[in-house]
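Fold and contact review
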Amino acid sequence: MKKEGLLIVDVQKGFDETDFWGERNNANAEVNMLILLGAFREVGLPVFHVQHQSENEHSPLHPSKLGYQLKTGFEPKEDELLFIKNVNSAFIGTELKDALDKEGIEHIVIIGLTTNHCVSTTTRMAANYGFGVSLIHDATAAFKIHSYDGKVFSAQDVHESALAHLHQEFAEIISTEEALTRWVRTSPYMQ
């Protein structure tokens, strides 16, 4: 049986700064993330955390800002690893792949922020490294963006487009409920 692990990407306070990021979709994403985090912990499946350390001093995710901190409830427990990155992929400049390999992880369940940036890049690299990947569509979110030609894409459109680009090519896209049914309620770790 394949061993699964939960990977939580960049759930940081700085993403609450709507003046900086703009309109966001999926207001319940963090609620679903916390449900999954609690469930994975309860059944003893490994949890890995990622935190973005922006090199841009104006970013809410710069280490000099409060926004750099992980959101309340997302702090790693002492047996859970935290990887600090400064690019979009959680695999670049970190020991994440080595840690997953050491733990025997073959399938990664990914949640976090944001769908079209660090979540997408990490998902793509995980698949390229040969991991099975499930991306939880209602446990991630995106922000509105302005295109190179001036078009504006709503947060929901950005989210759905990012998921569509990943679907079947890099990951299976499933819901929180599907993930709970598959890995938690039927987990061999449950007593």
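Above this text you will find the structure in question.
In this text the structure is predicted, and so the values were computed from the model without any measurement.

We now examine the packing of aromatic side chains. Centre-to-centre distance and the angle between the planes together describe a pair of aromatic rings. Scanning the model with the defined rule gives six aromatic pairs in all. In textbook terms, an aromatic cluster arises when at least three aromatic residues are bridged by ring pairs, as seen for Phe15, Phe20, Trp21 and Phe143. Across the ring face of Tyr129, the terminal group of Lys97 is positioned such that the distance to the ring centre comes to 5.3 Å.

The next subject is the side chain of Glu80. As for its position among the elements, Glu80 is in the loop between strand S2 (47-52) and strand S3 (81-85). With residues near it in sequence (within four places) discarded, Glu80 still touches Arg41, Val47 and His49.

By the burial criterion, the buried members of helix H4 (residues 115-128) are Thr115, Cys118, Val119, Ser120, Thr122, Thr123 and Ala126. Buried residues along H4 sit in contact with strand S1 (3-9), S2, S3, strand S4 (105-113), strand S5 (132-141) and helix H5 (155-166). Gly130, located one to two residues past H4, shows a positive phi value of around 100°.

Looking only at helix H3 (residues 96-103), the buried set comprises Leu96, Ala99 and Leu100. Down the axis, H3 shows its buried residues gathered within 100° of arc, on one side only. Among the structural elements, S1, S2, S3 and S4 are those in contact with the buried residues of H3. Remark: Gly104 follows H3 within two positions and exhibits a positive phi of approximately 80°.

Put simply, the largest pocket is a space of about 240 Å³. Considering the residues around the largest pocket, the lining is formed by Arg41, Gly44, Leu45, Pro46, Val47, Phe48, Asp79, Glu80, Leu81, Ala99, Lys102 and Glu103. Looking at the lining of the largest pocket, the elements that each hand over two or more residues are S2 and H3. Sorting elements by how many residues they give to the lining of the largest pocket places H3 first, with three residues. Across the lining of the largest pocket, the residue classes tally to six nonpolar, one polar and five charged. Roughly 190 Å³ of internal volume is contained in the second largest pocket. Along the walls of the second largest pocket sit 14 residues, with Trp21, His52, Asn88, His117 and Cys118 positioned nearest its centre. Counted by class, the lining of the second largest pocket contains six nonpolar, seven polar and one charged residues.

Within the open sheet, the six strands sit side by side as S3-S2-S1-S4-S5-S8. Their pairing is parallel. The sheet terminates laterally at S3 and strand S8 (172-174), the two strands that pair on one side only. Averaged over all pairs of adjacent strands, the angle between strand axes in this sheet comes to 25°, irrespective of strand direction. Taken together, the four bridges between S1 and S2 define a ladder with parallel strand orientation. From the neighbouring strand, Leu6 faces S2, where its bridge partner is Val47. Here helix H6 (residues 176-184) sits on the sheet in contact with S1, S4, S5 and S8, set at roughly 105° to S8.

Let us now look at the pattern of salt bridges. Within the structure shown, the criterion is met by nine salt bridges. A salt bridge links Asp10 to Lys85; the shortest N-O distance between them is 2.8 Å. Taken together, the positions of Asp10 in the loop between S1 and helix H1 (18-21) and Lys85 in strand S3 put the pair 75 residues apart, joining distant regions of the chain. For Asp10, a relative accessible area of 1% puts it in the buried group. Classification of Lys85 by relative accessible area gives buried; the value is 2%. Asp16 serves as the salt-bridge partner of Lys71, at 2.6 Å between the closest nitrogen and oxygen.

Reading guide: rules and limits
- Residues numbered from 1 in each chain as written.
- Predicted model: local features only at pLDDT ≥ 70, side-chain atom pairs only at ≥ 80, totals over all residues.
- Heavy atoms only, no water.
- Phe/Tyr/Trp six-rings, centres within 6.5 Å; stacked < 30°, edge-to-face > 60°.
- Lys NZ or Arg CZ within 6 Å of the ring centre and 35° of its normal.
- Helix = DSSP H or I, 4+ residues; strand = E, 2+ residues; numbered from the N terminus.
- Contact = heavy atoms within 4.5 Å.
- Buried < 20%, exposed > 50% of the residue type's maximum accessible area, 1.4 Å probe, protein only.
- Arc of directions from axis to C-beta.
- 1 Å grid on protein atoms, 1.4 Å probe; cavity = no way out; pocket = protein on both sides within 12 Å on 5 of 7 lines; lining within 4 Å.
- Points joined across faces, edges and corners; volume = space filled by probe spheres on them.
- Nonpolar A, V, L, I, M, F, W, Y, C, P; charged D, E, K, R; others polar.
- Pairing = 2+ DSSP bridges.
- Axes fitted to C-alpha atoms, helices over the stretch in contact; angles between N-to-C directions.
- Salt bridge = Lys/Arg side-chain N within 4 Å of Asp/Glu carboxyl O.

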